[in-house]
Amino acid sequence: MKRDSRLSAVLHALLHMAERGQPMTSEELAGCMMTNPVVVRRTMAGLREAGFVRSAKGHGGGWEIACDLSAVTLKDIYDALGAPQLMAMGIHLESPSCLVEQTVNRSLTTAFAEAEALLIDRLKTVSLAQLADDFREHVAARKRNLEREL
């Protein structure tokens, strides 16, 4: 089963946009996201509807951040993407009348729901600004390491 990597790809693109500080074309973002510009436009349209990005047409146009990064959480972006399925695992429903299968399914359904709730709660605690700050810290650390090597 293919994993849904839209959240990761969109966060990647949003951080590039935040660092660039000027509009980025769908083609540029497609390069960051390793996808097609049409997919970028479709994805960014959902983020635009949520107020996280805006677009401008024409020369110098493109997509840019339209929100305060500290006010937007990973959960907000997840919701703007349509709240994609978080867990690839599911329950077996081959013999729903079997008491053993019912027992297993009850246990797994509870475990999956608890795991998903934990992940959603974590997404609520991380802002785009925190991601951007973490990125900048890693860039600075890499520069310091390179300077030491010279």
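Here the structure is shown first, and the text comes after it.
### So, the environment of Gln85
Okay, step 1: Looking at the element boundaries, Gln85 is found in the loop between α4 (74-80) and α5 (99-124).
Okay, step 2: According to the relative accessible area criterion, Gln85 is exposed, its value standing at 60%.

### A closer look at helix α1 (residues 6-20)
Okay, step 1: Here α1 contains 15 residues, and its C-alpha end-to-end distance of 21 Å stays within 8% of the 21 Å for a straight helix at 1.5 Å per residue.
Okay, step 2: Inspection of α1 places Leu7, Ala9, Val10, Leu11, Ala13, Leu14, Leu15 and Met17 among the buried residues, and these make up the whole buried set.
Okay, step 3: Positioned one or two residues after α1, Gly21 has a phi angle of 75°, which is positive.

### Thoughts on the packing of helix α2 (residues 26-33) against helix α3 (residues 37-49)
Okay, step 1: Two numbers describe how α2 lies on α3: the axes approach to 8 Å, and their chain directions differ by 100°. Relative to α3, the element α2 lies roughly perpendicular. On α3, the residues touching Ser26, Glu27, Leu29, Ala30 and Met33 of α2 are Pro37, Val40, Arg41 and Met44.
Okay, step 2: Residues of the contact of α2 with α3, tallied by class, amount to six nonpolar, one polar and two charged.

### Comments concerning the side chain of Thr43
Okay, step 1: Within the secondary structure, Thr43 sits in helix α3.
Okay, step 2: When near neighbours in sequence (up to four residues on either side) are disregarded, Thr43 contacts Val10 and Leu81.

### A look at the pattern of salt bridges
Okay, step 1: Scanning the entire structure with this criterion turns up seven salt bridges.
Okay, step 2: Across the pair Arg41 and Glu27 runs a salt bridge whose closest N-O atoms are separated by 3.8 Å. Taken together, the positions of Arg41 in helix α3 and Glu27 in helix α2 put the pair 14 residues apart, joining distant regions of the chain.
Okay, step 3: Asp79 is paired through a salt bridge with Lys75; the nearest N and O atoms lie 2.7 Å apart. With Asp79 and Lys75 both in helix α4, this residue pair falls four residues apart, about one helical turn.
Okay, step 4: Judged by its relative accessible area of 38%, Asp79 falls in the partly exposed class.
Okay, step 5: Here the salt bridges share partners, and the residues they tie into one network are Glu19, Asp133 and Arg136.

Thresholds applied
Residues numbered from 1 in each chain as written. Predicted model: local features only at pLDDT ≥ 70, side-chain atom pairs only at ≥ 80, totals over all residues. Heavy atoms only, no water. Helix = DSSP H or I, 4+ residues; strand = E, 2+ residues; numbered from the N terminus. Buried < 20%, exposed > 50% of the residue type's maximum accessible area, 1.4 Å probe, protein only. Expected span 1.5 Å × (residues − 1). Axes fitted to C-alpha atoms, helices over the stretch in contact; angles between N-to-C directions. Parallel < 35°, antiparallel > 145°, perpendicular 65-115°, else oblique. Contact = heavy atoms within 4.5 Å. Nonpolar A, V, L, I, M, F, W, Y, C, P; charged D, E, K, R; others polar. Salt bridge = Lys/Arg side-chain N within 4 Å of Asp/Glu carboxyl O.

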